[in-house]
Structure formats: C-alpha cells, structure tokens
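Per-entry structural report
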Amino acid sequence: MPDDAGTLLRSFLNNALRRQTQRRIRDFGGYQIGKRRQSHVIDAIADEIAEFLCTYLDIKVNGRPATREGVVFAIAQALRNVSDELAYRLTSRDDDAWRTVCESVAVFLEGCMEFDQKPYDGSLTARSNYNGWKDWEVIVSGERPRGKWRHAWKEKPGDDFIGFYGETCMGRIFKIDLTGSDERWYWLISADGSPRRGWPAAGYEASARSAACRVERIYFALVKGEARIL
C-alpha cells in the first residue's frame, strides 16, 4: 500500500476515534477492566469512522470498490478485537492506548482491504464543488476565526489544533503532508450527539485559516439550529 495512503488511514483513524464522545468511550471501555462494556456502541463508532474513510480514501477489496457496509463491518470487527484492558485504558485518554488501538485497527483493515488517496484536482481554493461546498459557501480571503485555537498536544506542538468558543470545543484541524499533493488541512466537528442538519462532520480546506473558519461556520450554524441549504 502506498505510504501516503497508510499515513492518511492512520491519521483519519486517530482523529475519528478521538472525536468520539466521552460517553461512547466509557461504554466501549467499561467502568472497570472487562466490566459493563456496551458492545452495541461499537457499531455506532464504526459507522462514523467508515463515513470519514469512505469520503476521503479510495477503498477496494480484491480490486473492486468496497461497500460502505463492508467498511463498517471490518472496522467493527477490528474494534471487537480490542482487549478489555486496552479498551478500559481509553477511558482515561491514555495516549499510548489510543496509538495502540489506532494501529491495530489500521493493520486489521490493511489485511482485508486496499487503500489509496482519492484523486485530487488542486481546486480547493477555486469556486468549485470539488470538496463538497457550493459557490456561496466558499471561505472568503478576508474571513478570520472567531474562537481560540490551540495545539492539540502541548508536549508536541505541530500542525494539529483544537478550537474553543468559550469553554466549548468546536472541533479540530490538522495537516497531513502528502508527497506530490498541495497542502490540505482536514477538519472535524466535535461530536455531541446533536442532529447534523445536513452539515458534514468532516472535510478539508486549503489552509489552517480556512479549515478553522469552516469548523466555526458549521458550529455556529448548529448552535442556531440552522440547516444547510443546498
């Protein structure tokens, strides 16, 4: 599998897993090692991760396009293989545990599927629909973030930020360096279980500023109860 695709797969898995609500992680990990784990939450987690992977990666099984249902099933199976002890460590946001789970899921998926980047036409800053937005939804050059954005990892400053409005986490943005690709900043909306109202939960933009603005636009629209109009 190409290195770029492997990097994307692991980055997407890491961010998609970490954006799960604390309640979901607690249900997945239990309240003691092996105690009160809720297996039904695995399907919900797998479904959300699969939506992200299928949107931004070309996934095949034996040379044929994988179905979304097949990707969900594979992710769920990989999560069911996580031991009780490791799952419980996730509830305390143990970084080593997160990395171990992410890598184990990635290796499992790579064993039954092939992953590659989806074609990119370089038009992120153009007034096009390539990355899912209509002309009137494009982030304009003068737009600036309103919230506070800080490094996701204090001990490892880098191209990974979490945005807050007051005490509320709005979402996350991060950059992945891909060989032969223009800059991309991926963004994720914090999951709180509220209705999405037609707004996507993840995507990408051409710069950190644009990605942060995109997160804030969606966050404030959801706070106001505004549905996306196409």
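In the block above lies the structure referred to throughout.
The text that follows walks through the structure, step by step, so that each part is easy to find. (Residues numbered from 1 in each chain as written. Predicted model: local features only at pLDDT ≥ 70, side-chain atom pairs only at ≥ 80, totals over all residues. Heavy atoms only, no water.)

Moving on, we come to the sheet that holds strand 2 (residues 64–65). Strands pair in a sheet through their backbones, by hydrogen bonds, and they do so in one of two ways: parallel or antiparallel. Pairing is antiparallel in the open sheet, where three strands are placed in the order 2-1-3. Bordering the open sheet on either side are strand 2 and strand 3 (114–117), each of which pairs with just one other strand. Pairing geometry for strand 1 (residues 57–61) and strand 2, over two bridges, is antiparallel. Residue pairing across strands places valine 61 opposite arginine 64, the latter belonging to strand 2. (Pairing = 2+ DSSP bridges. Helix = DSSP H or I, 4+ residues; strand = E, 2+ residues; numbered from the N terminus.)

This part is about the packing of helix 2 (residues 22–29) against helix 3 (residues 41–56). It is at 9 Å that the axes of helix 2 and helix 3 come closest, and there the two elements cross at 130°. Put simply, helix 2 runs oblique to helix 3. Both helix 2 and helix 3 take part in a crossing whose hand is left-handed. Seen from helix 2, the contacting residues are Arg24, Asp27 and Phe28; seen from helix 3, they are Val41, Ile42, Ala44, Ile45 and Glu48. (Axes fitted to C-alpha atoms, helices over the stretch in contact; angles between N-to-C directions. Parallel < 35°, antiparallel > 145°, perpendicular 65-115°, else oblique. Left-handed = near helix turned anticlockwise from the far one by under 90°. Contact = heavy atoms within 4.5 Å.)

Relative to the assigned elements, glutamate 137 resides in the loop between strand 3 and strand 4 (148–151). The residues touching glutamate 137, leaving out its near neighbours within four places in the chain, are Gly132, Trp199, Arg214, Arg217, Arg228 and Ile229.

The subject of this paragraph is the pairing of strand 5 (residues 160–165). Judged by how many residues are buried, strand 5 sits mostly within the fold: five of six residues are covered. In the sheet, strand 4 pairs with strand 5 via four bridges, with the strands oriented antiparallel. Paired with lysine 148 across the two strands is phenylalanine 164, which belongs to strand 5. Across six bridges, the pairing between strand 5 and strand 6 (residues 168–175) is antiparallel. Paired with aspartate 160 across the strands is phenylalanine 174, a residue of strand 6. Connecting strand 5 to the next strand, strand 6, in antiparallel fashion are two residues, including glycine 166 with a positive phi near 70°. (Buried < 20%, exposed > 50% of the residue type's maximum accessible area, 1.4 Å probe, protein only.)

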